[in-house]
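Each chain, letter by letter, is given below.
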There are 4 protein chains.
Amino acid sequence: MATRPVPASRAAYATFRPVPTRWMDGDVYGHVNNVVHYAMFDTAVNGWLMDRGLLDPRTSAGIGLVVETGCRYTGEIVFPDRVDVGVKVTHIGRSSVRYDLGLFRNDDDRTSAEGFFVHVYVDARTRRPVPLSQEMRDTLDTLRAPD
Amino acid sequence: MATRPVPASRAAYATFRPVPTRWMDGDVYGHVNNVVHYAMFDTAVNGWLMDRGLLDPRTSAGIGLVVETGCRYTGEIVFPDRVDVGVKVTHIGRSSVRYDLGLFRNDDDRTSAEGFFVHVYVDARTRRPVPLSQEMRDTLDTLRAPD
Amino acid sequence: MATRPVPASRAAYATFRPVPTRWMDGDVYGHVNNVVHYAMFDTAVNGWLMDRGLLDPRTSAGIGLVVETGCRYTGEIVFPDRVDVGVKVTHIGRSSVRYDLGLFRNDDDRTSAEGFFVHVYVDARTRRPVPLSQEMRDTLDTLRAPD
Amino acid sequence: MATRPVPASRAAYATFRPVPTRWMDGDVYGHVNNVVHYAMFDTAVNGWLMDRGLLDPRTSAGIGLVVETGCRYTGEIVFPDRVDVGVKVTHIGRSSVRYDLGLFRNDDDRTSAEGFFVHVYVDARTRRPVPLSQEMRDTLDTLRAPD
């Protein structure tokens, strides 16, 4: 394995969403299974969009389909840890948005995992890409990484 | 605990659906978590309905909402077990259907868990109960317990 | 369907644990899938036990295996709802404990679902039932239903 | 978005594991949620290791911890699709193994998603990296990509 980058601190993220662990997140090894980290990413991104009125999955004309995700795991998370999911936007394209995410256990200031998540916006019916609205772009801009 | 009933055999069920375990189904105790059993029930019932053309969740005017479920656990299931979900219909009401289900590990002839699952059919838009169609009733009748 | 009992209020439960919904809890019908309710029950019971030092799943000599669960669903839960899981103990046997649970959406005072959950304590190694300790019984007694 | 690579065919993978979809894998958009793809990867890799006697999660002295995963999504998967998970080994290090994976819907010969999965072997107790055994390396070599 190559040398690992230093885990990011909370200061690197623009907003946070608490996603407590669940008992069944744990696997045979007694820690939160690697799959669950993506459920936390998904929840933080879509939760933020819904809280800001940018997404209503039952009615929105445009919906964000996930086209790529990834995660590097640097520490264990264990039930009943609370996880704060740090979120920032690192790229806004014509129809796409890339989020970078970090998972913080309890009061840790260093990530236990870091990942990314790319949405492409499509028409809910035809599933063809649609451009992001200006309102969407402006709101996403508020999630840029802090300086 | 009271005396336990004898686990049912495969002969008690009308049809079966294989639902292999997944790695993440396992919990800290090294066995399939109690929640997963319900995901197997859900998959067997809805899968059977879809295979027979009785349900298309994206387009059906009537959809089955779950109003009650239950499960008794009598043995462990462990990844990578294959599970065969036994299904039978035990009650057909005006708008509702009750299924009894049994989970069989690999080639076992006795259940590791037994449960039930009650659907009430509602209008997909208004979520008000609707009567079962005659076609639905007739097809559900084929899932009655074998004699 | 028979007449439904009135959903319980928060006053009927002894303690609460917040379990926020996750994006992937939603199913094709746009609401939290019936299986997820059990993940919330499981989390509330085991989380309470761990918070009180009654369970460490990696080291405890006695562990609680789930022998029976059930749930009645009376209302929809939708992401990003927060759910408060109400918990009370309704039976303490020689080796077993029964919990009754209620799921409250956001600030609702009436349940959207009610269920139960029965643990039997077993030796972690042999998986044979073991009696509950007096400390365990005393602490569980604090979860009896409020008068 | 940059030009997309052509989805891989089955011929690019060394072995396959069927992982049928489950009802609850579907999300609000009516397709299998992006998180579930990782549960399929996890199941295929660990299932293969267990089938070959290379892993017993309850007893093995060395266990594979996941240090990095990723996935690109190119097509929808919908319940009740069967998914065949194609697996190949693309790197074997001193303590680590990288698997590339592809998800094939039903009888499709082109992937609906492609990903990777990196295990680092550690001592189950200390969680410090341990070298792969020669038996392990030899067996993993049989999962190299077909020519």
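Residues numbered from 1 in each chain as written. Chains lettered and ligands numbered in written order. Predicted model: local features only at pLDDT ≥ 70, side-chain atom pairs only at ≥ 80, totals over all residues. Heavy atoms only, no water.

1. Considerations on the pairing of strand β4 (residues 96-105) of chain C
Residue and element names in this part refer to chain C.
Right, on to step 1. Counting buried residues along β4, eight of its ten residues qualify, which places the element largely inside the surrounding structure.
Right, on to step 2. Two strands pair when backbone bridges link them, and strand β3 (residues 83-92) and β4 are joined in this way by nine bridges, in the antiparallel orientation. Across the sheet, Val-85 pairs through a bridge with Leu-103, a residue of β4.
Right, on to step 3. In this antiparallel pair of consecutive strands, β3 and β4, the connection spans three residues. (Buried < 20%, exposed > 50% of the residue type's maximum accessible area, 1.4 Å probe, protein only. Helix = DSSP H or I, 4+ residues; strand = E, 2+ residues; numbered from the N terminus. Pairing = 2+ DSSP bridges.)

2. Details of the sheet that holds strand β5 (residues 113-123) of chain A
Right, on to step 1. Pairing is antiparallel across the open sheet formed by ten strands, whose spatial order is β1(A)-β3(A)-β4(A)-β5(A)-β2(A)-β2(D)-β5(D)-β4(D)-β3(D)-β1(D). Sheet topology places β1 (15-18) of chain A together with β1 (15-18) of chain D at the edges, where each strand pairs with a single neighbour. When the angles between neighbouring strand axes are averaged without regard to direction, this sheet yields 25°.
Right, on to step 2. Across four bridges, β1(D) lies against strand β3 (residues 83-92) of chain D in antiparallel orientation. In the strand pairing of β3(D), Phe16(D) is matched with Gly86(D). (Axes fitted to C-alpha atoms, helices over the stretch in contact; angles between N-to-C directions.)

3. A short note on empty space enclosed by the protein
Once rolled over the atoms, a probe with the size of a water molecule shows which space is left empty.
Right, on to step 1. According to the stated counting rule, one finds two cavities of 30 Å³ or more in the structure shown.
Right, on to step 2. For the lining of the largest cavity, the secondary structure elements donating two or more residues are α1 (36-51) of chain A, α1 (36-51) of chain B, α1 (36-51) of chain C together with α1 (36-51) of chain D.
Right, on to step 3. Of the residues assigned to the lining of the largest cavity, the class counts are 16 nonpolar, no polar and eight charged.
Right, on to step 4. Volume-wise, the second largest cavity comes out at about 50 Å³.
Right, on to step 5. In this structure, the second largest cavity is lined by Pro5(D), Val6(D), Pro7(D), Arg72(D), Thr74(D), Thr111(D), Ala113(D) and Glu114(D). (1 Å grid on protein atoms, 1.4 Å probe; cavity = no way out; pocket = protein on both sides within 12 Å on 5 of 7 lines; lining within 4 Å. Points joined across faces, edges and corners; volume = space filled by probe spheres on them. Nonpolar A, V, L, I, M, F, W, Y, C, P; charged D, E, K, R; others polar.)

4. Looking at the confidence of the model for chain A
Right, on to step 1. Residues with a pLDDT of 70 or more make up 97% of chain A, whose mean pLDDT is 94.
Right, on to step 2. Both scores are available for the predicted complex, with the pTM at 0.96 and the ipTM at 0.95. (pLDDT = per-residue confidence, 0-100.)

5. Here we look at the relation of the copies chain B and chain A
Right, on to step 1. Screw-axis analysis of chain B against chain A gives a translation of 0.0 Å along the axis, an RMSD of 0.0 Å, and a rotation angle of 180°. What the rotation and shift describe, once combined, is the action of a two-fold rotation axis. (Least-squares fit on C-alpha atoms with pLDDT ≥ 70 in both.)

6. Points about the side chain of Asp81(B)
All names here are of chain B.
Right, on to step 1. Mapped onto the elements, Asp-81 comes out in the loop between β2 (62-73) and β3 (83-92).
Right, on to step 2. Asp-81 sits in the buried class, given a relative accessible area of 8%.
Right, on to step 3. If sequence neighbours within four positions are ignored, Asp-81 has contacts with Pro-20, Thr-21, Arg-105 and Asn-106. (Contact = heavy atoms within 4.5 Å.)

7. Concerning the interface of chain B and chain A
Right, on to step 1. Taken together, the contact between chain B and chain A spans twelve residues of the former and twelve residues of the latter.
Right, on to step 2. With both sides pooled, the region where chain B packs onto chain A buries about 1,000 Å², and carbon together with sulfur makes up 64% of that total.
Right, on to step 3. In this assembly, chain B and chain A are joined by zero salt bridges.
Right, on to step 4. Joining chain B to chain A, the criterion identifies zero residue pairs in polar contact (both at pLDDT 80 or more). (Buried area = accessible area lost by both parts, 1.4 Å probe. Salt bridge = Lys/Arg side-chain N within 4 Å of Asp/Glu carboxyl O. Polar contact = N/O pair within 3.5 Å; in protein donor to acceptor, adjacent residues only side chain to side chain.)

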